[in-house]
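Now for the letters of each chain:
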Amino acid sequence: MDDARHDKGSAPDYRLGAGGIMLSNAWYYALPAHDLAQGAMRHCTLLGEPVLVGRGADGKVFALRDTCPHRGTLLSKGKFDGREVECPYHGWRFATDGRCTAIPSQTADQRPQPSDIRAVTFPVAERQGNIWVFMGTQVGALPPVPEVPAIGDRFQFHVAVAFDCNIDLAVIGLMDPAHGAFVHRSALWRKEDSIHEKAKAFSPLPEKEGLGWRMDRHTASRNSRAYRLFLGGAPETEISYHLPSVRIEHARTPKYNYCGLTACTPITPERTMVHHVMYWDVPGGMLLKAIMEPLTRRFLDQDRRAVLDMQEGLAFDPPTMLVQDADTQTRWYYRLKREALAAQAENRAARNPITPVTLRWRS
Ligand code: FES
Ligand SMILES: [Fe+2]
């Protein structure tokens, strides 16, 4: 029933969209590694939780819940000497693994003593210039940390734009394949009259990569002019989408590679941070970076405005529809999310319901 090719457009489950459930037990993009110097700490709100992300004197990244176990003060407002975080209110101290090491107000015979107290920690990972925090209660082996293929160390730049909407609207707004010629209209990139029919093969992600799908490797569309300009030839592109909210694009020509990583992190149910990181091994990168960074920012801002316009309309609770096949990925997103939530509730492994299919649309 849910196979989009046999489904003539149906009402989307915007209940889920309206709720914008923030999926736990997943890695979420917190901040780029270059924003966290040795001995520094930062406050991040991730999925409504206060998180302190820091980098110790040893260079290692750690994450603590950013509220003091004593009276809830933000620990990130305190001091960090590269080994211990000191709360600004009464000076309780915490090691980077969450151990409490000092409670200055306590006499030796009083409780609690530091050994009675522990700050909550979160698993954290630094990969390819990105810092990810695992938000959830899952024990045992954690899912793989999102990574781009082929050119992992060629980090070029990071751009973040806050969308004042829930995670679902941000994700489906960005993944939508049919808005380019309208939302991103520009002389360089897209024009309305460049719209043409496309057929793309999709397949489910291999099980070890989690829930998601892949647009199989294909030669990039002929109206993607910028690729040609910068990569010097017709690139082959592969795009994968990983639940909850990571999209990875890999383009390669005979000579060069380019990767884009887009990660949406729910800050609260009404606010989502969209991170975009680019990698490439094209020489002369400084010029390319000078062009691409503001362009990316502009693109994301166009997406942000498009999504907010949709959100404003949806506030009237209008009837809406999902069409074939341009809206199939949106439908998949909701299906996979429902499956992930059901699997968590039933304490079982999630099953990917997607089967290989070729989707056709005009864009
Ligand atoms: S609130 Fe942190 S030490 Fe009291
Ligand atoms: Fe877009």
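Refer to the structure printed above.
This structure is a prediction, so every number in the text was calculated from the model and none was measured.

### Digging into the overall build of the chain
So, point 1. Counting secondary structure elements, the chain contains six helices and 18 strands.
So, point 2. The buried share among the 363 residues of the chain stands at 49%.
So, point 3. Excluding contacts between residues fewer than 6 apart, the proportion of contacts in the chain whose partners are at least 24 apart in sequence is 59%.
So, point 4. Working note: accessible area of the chain is about 17300 Å², and carbon and sulfur atoms make up 52% of it.

### Some points on the coordination of the iron ion (ligand 2)
So, point 1. Every protein donor of the iron ion (ligand 2) is accounted for by His179 (NE2), His184 (NE2), Asp303 (OD) and Asp303 (OD), and the metal-donor separations fall at 2.0 to 2.7 Å.
So, point 2. For the iron ion (ligand 2), the four donor atoms in the first shell make angles of 52 to 145 degrees at the metal, so the coordination geometry reads as irregular.
So, point 3. For the iron ion (ligand 2), the donor residues sit on a single chain with the sequence spacing H-x4-H-x118-D. Here His184, found in the loop between α3 (180–183) and β12 (197–204), pairs with Asp303, found in helix α5 (residues 285–314); they are 119 residues apart in sequence, far enough to count as distant.

### Regarding the nonpolar core
So, point 1. Counting 59 residues, the largest nonpolar core has Val53, Trp213 and Tyr333 as the members making the most contacts within it.
So, point 2. In terms of residue count, the dominant contributor to this core is helix α2 (residues 167–175) (seven residues).
So, point 3. Residue-level mapping places this core at the junction of two domains, with at least three residues from each of domain 1 (4–20 + 152–362) and domain 2 (37–126).
So, point 4. Those residues in contact with Tyr333 that sit more than four places away from it in its chain are Ile167, Asp168, Val171, Ile172, Met175, Trp213, Tyr241, Leu243 and Pro244.

### Focus: the pairing of strand β4 (residues 61–65)
So, point 1. Across the five residues of β4, four count as buried, placing the element largely inside the fold.
So, point 2. Adjacent in sequence and paired antiparallel, strand β3 (residues 49–55) and β4 are bridged by five residues, among which Gly59 carries a positive phi angle near 90 degrees.

### Some remarks on the packing of α2 against α5
So, point 1. Where α2 contacts α5, the axes come no closer than 9 Å and their chain directions differ by 125 degrees. When the axes of α2 and α5 are compared, the pair comes out oblique. Here α2 and α5 pass one another in a crossing that is right-handed. Of the residues in α5, those touching α2 at Leu169, Ala170, Ile172, Gly173 and Leu174 are Leu300, Asp303, Val307, Met310, Gln311 and Leu314.

### A word on the packing of aromatic side chains
So, point 1. Per the counting criterion, the structure on display carries 11 aromatic pairs.
So, point 2. Between Tyr29 and Trp132, the ring centres sit 5.2 Å apart and the planes meet at 70 degrees, which makes this aromatic pair edge-to-face. Placement of Tyr29 in strand β1 (residues 26–32) and of Trp132 in strand β10 (residues 130–135) is noted, with a sequence separation of 103 residues between them. As far as burial versus exposure is concerned, Tyr29 and Trp132 are alike and both buried.
So, point 3. Look at Tyr241 and Tyr333: their rings are 6.3 Å apart centre to centre, the planes differ by 85 degrees, and that puts the pair in the edge-to-face class. Of the two residues, Tyr241 is situated in strand β14 (residues 236–242) and Tyr333 in helix α6 (residues 328–346); the sequence distance between them amounts to 92 residues. Here Tyr241 matches Tyr333 in class, with each residue buried.
So, point 4. By way of ring pairs, the aromatic residues Phe202, Trp213, Tyr241, Trp332, Tyr333, Tyr334 and Trp361 are connected into one cluster.

Calculation criteria
- Residues numbered from 1 in each chain as written.
- Chains lettered and ligands numbered in written order.
- Predicted model: local features only at pLDDT ≥ 70, side-chain atom pairs only at ≥ 80, totals over all residues.
- Heavy atoms only, no water.
- Helix = DSSP H or I, 4+ residues; strand = E, 2+ residues; numbered from the N terminus.
- Buried < 20%, exposed > 50% of the residue type's maximum accessible area, 1.4 Å probe, protein only.
- Contact = heavy atoms within 4.5 Å.
- Areas by Shrake-Rupley, 256 points an atom, 1.4 Å probe, with all protein chains shown as cover.
- Donors = N, O, S within 2.8 Å, 3.2 Å for Na, K, Ca; no water.
- Tetrahedral: all angles 85-135°; square planar, octahedral: opposite > 155°, others 65-115°.
- Core = buried A, V, L, I, M, F, W, Y, C linked by side-chain atoms within 4.5 Å.
- Domains from an automatic or database assignment.
- Pairing = 2+ DSSP bridges.
- Axes fitted to C-alpha atoms, helices over the stretch in contact; angles between N-to-C directions.
- Parallel < 35°, antiparallel > 145°, perpendicular 65-115°, else oblique.
- Left-handed = near helix turned anticlockwise from the far one by under 90°.
- Phe/Tyr/Trp six-rings, centres within 6.5 Å; stacked < 30°, edge-to-face > 60°.

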